[in-house]
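Structural description and commentary
The lines below spell out each chain.
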Amino acid sequence: MDCIKDNIEDVLENIAKAADKVGRQKEDITLIAVSKTKPVQDIEAALACHVTDMGENKVQEIRQKYEVLGHNATWHMIGHLQTNKVKYIIDKVDLIHSVDSIKLAEKINVEAKKADKIIDILIQLNVADEETKFGIKTMELDDFIRQVSNMSQLRIRGLMTIAPYVEDPEENREIFREISQLAVDIKRKNIDNVNMDILSMGMTNDYMVAIEEGSTMVRVGTGIFGKRDYNKR
Ligand SMILES: *Cc1c(COP(=O)(O)O)cnc(C)c1O
């Protein structure tokens, strides 16, 4: 538990450092603790250290953890979301980072209407083409945004990406920079329902570089909770 505390202090310090380096405020960056595969006790330890935002990539896991913690934590859906499971998390998550198809957006819109809610979403961009299966191609983004902006219950808040795993995080700098620029270009178009105030980019390996390039949400798992053991589940 104490080790989580130390890790969180380190990460927060790094966030402040990276922000400072480029003249940004650390308060403008949200730390999302990626708690996937980790037990509720670990999340409670993070909450005790004032980290409020948790990232999960499986619907089943959000449901289980939500049952215990409810809105004591702020939940972020960061993994691929199947349309038939949207209904289980619509009332639990604050932000869906992983909207990657019109079909999914439409489903979220329908479920949101049923729940009488407005849902904040990010559009997941596929910048690494080969490396990740999911996400919208940069070329298709404009069209995608125009279609989703017409869905009454959805509010596009920004962009998300999973950059490739690289030895040297500098290798991802160009990707982060491109996405920041894309967000600026989109914002300039002043489309209804489209805000570009959130850029979800940067993970344990590269969050400092991402912050230097404009990230407003970093998703840190290993750097806070340690290695994930997928066998134990
Ligand atoms: C697992 C995961 C993370 C966290 O990865 P770490 O390298 O452990 O920080 C971030 N984003 C997404 C979408 C993930 O699935």
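Please read these numbers as outputs of a predicted model, since none were measured by experiment.

This part covers the overall build of the protein chain. Looking only at helices and strands, the protein chain features 9 helices and 8 strands. A globule of 233 residues ought to have a C-alpha radius of gyration of about 17 Å, and the protein chain, at 17 Å, matches this closely. With the principal axes as the frame, the protein chain shows a C-alpha extent of 45 × 40 × 30 Å. The buried share of the protein chain, taken over its 233 residues, is 52%. Intrachain contacts of the protein chain at a sequence separation of at least 6 include 59% that bridge at least 24 residues. A total of about 11700 Å² of accessible surface is found on the protein chain, and carbon and sulfur atoms cover 45% of it.

Attention now goes to unusual backbone geometry. Of note in the backbone geometry, H50 takes a positive phi value of approximately 70° without being a glycine. Looking at the secondary structure, you find H50 in the loop between α2 (40-48) and β2 (53-56). Taking relative accessible area as the criterion, H50 reaches 70% and is therefore assigned exposed. For N190, which is not glycine, the phi dihedral falls at a positive 50°. Position of N190 among the secondary structure elements: in the loop between α7 (173-188) and β7 (194-200).

This part is about the site of the ligand. Lining the immediate environment of the ligand, one finds V34, K36, I78, I162, M203, T204, R219, V220, G221, T222 and R228. At 2.4 Å from an oxygen atom of the ligand is found a side-chain nitrogen or oxygen belonging to T204. In this structure, an oxygen atom belonging to the ligand sits 2.8 Å away from a main-chain N or O atom of G221. Contact with the protein chains removes 89% of the 390 Å² of surface that the ligand exposes when unbound. Classifying every residue of the shell around the ligand gives 5 nonpolar, 3 polar and 3 charged.

This next bit is on the pairing of strand β3 (residues 74-77). Looking at chain direction, β2 and β3 are connected through 4 bridges and run parallel. Bridging from a neighbouring strand, E56 pairs with M77 of β3. Crossover β2 to β3 through helix α3 (residues 59-69) is right-handed. The sheet contact formed by β3 and strand β4 (residues 93-99) spans 3 bridges and is parallel. Each residue of the ladder has a partner; that of M77, found in β4, is I96.

Let us now look at the packing of aromatic side chains. Per the stated rule, a full pass over the model turns up 0 aromatic pairs. A cation over an aromatic ring shows up here: R63 above the ring of Y88, its NZ or CZ 3.9 Å from the ring centre. The ring of Y66 has K92 lying over it, and the distance from NZ or CZ to the ring centre is 5.4 Å.

What follows is about α7. Counting along an α-helix, one turn takes 3.6 residues, and residues three or four places apart therefore face a common direction. Helix length check: α7 (16 residues) gives 23 Å between terminal C-alpha atoms against 22 Å at 1.5 Å per residue, within 8%. When α7 is considered as a whole, its buried residues turn out to be R173, I175, F176, I179, S180, L182, A183 and I186. Tucked inside the fold, the buried residues of α7 contact β5 (119-125), α6 (141-148), β6 (154-161), β7 and α8 (207-212). Note on α7: the residue one or two positions beyond its end, N190, has a positive phi of about 50°.

Mapped onto this structure's residue numbering, the UniProt feature "modified residue: N6-(pyridoxal phosphate)lysine" (unreviewed entry) falls at K36. You can see K36 is positioned in the loop between β1 (30-34) and α2. Not counting residues within four places of it along the chain, the set of residues in contact with K36 comprises G55, E56, N57, E61, K65, R228 and Y230.

Criteria and thresholds
Residues numbered from 1 in each chain as written. Predicted model: local features only at pLDDT ≥ 70, side-chain atom pairs only at ≥ 80, totals over all residues. Heavy atoms only, no water. Helix = DSSP H or I, 4+ residues; strand = E, 2+ residues; numbered from the N terminus. Rg over C-alpha atoms; globule rule 2.2 N^0.38 Å. Buried < 20%, exposed > 50% of the residue type's maximum accessible area, 1.4 Å probe, protein only. Contact = heavy atoms within 4.5 Å. Areas by Shrake-Rupley, 256 points an atom, 1.4 Å probe, with all protein chains shown as cover. Near = heavy atom within 4 Å. Polar contact = N/O pair within 3.5 Å; in protein donor to acceptor, adjacent residues only side chain to side chain. Nonpolar A, V, L, I, M, F, W, Y, C, P; charged D, E, K, R; others polar. Pairing = 2+ DSSP bridges. Right-handed = clockwise from strand over helix to strand, strands pointing away. Phe/Tyr/Trp six-rings, centres within 6.5 Å; stacked < 30°, edge-to-face > 60°. Lys NZ or Arg CZ within 6 Å of the ring centre and 35° of its normal. Expected span 1.5 Å × (residues − 1). UniProt positions renumbered as here; feature names shortened; annotations may be inferred.

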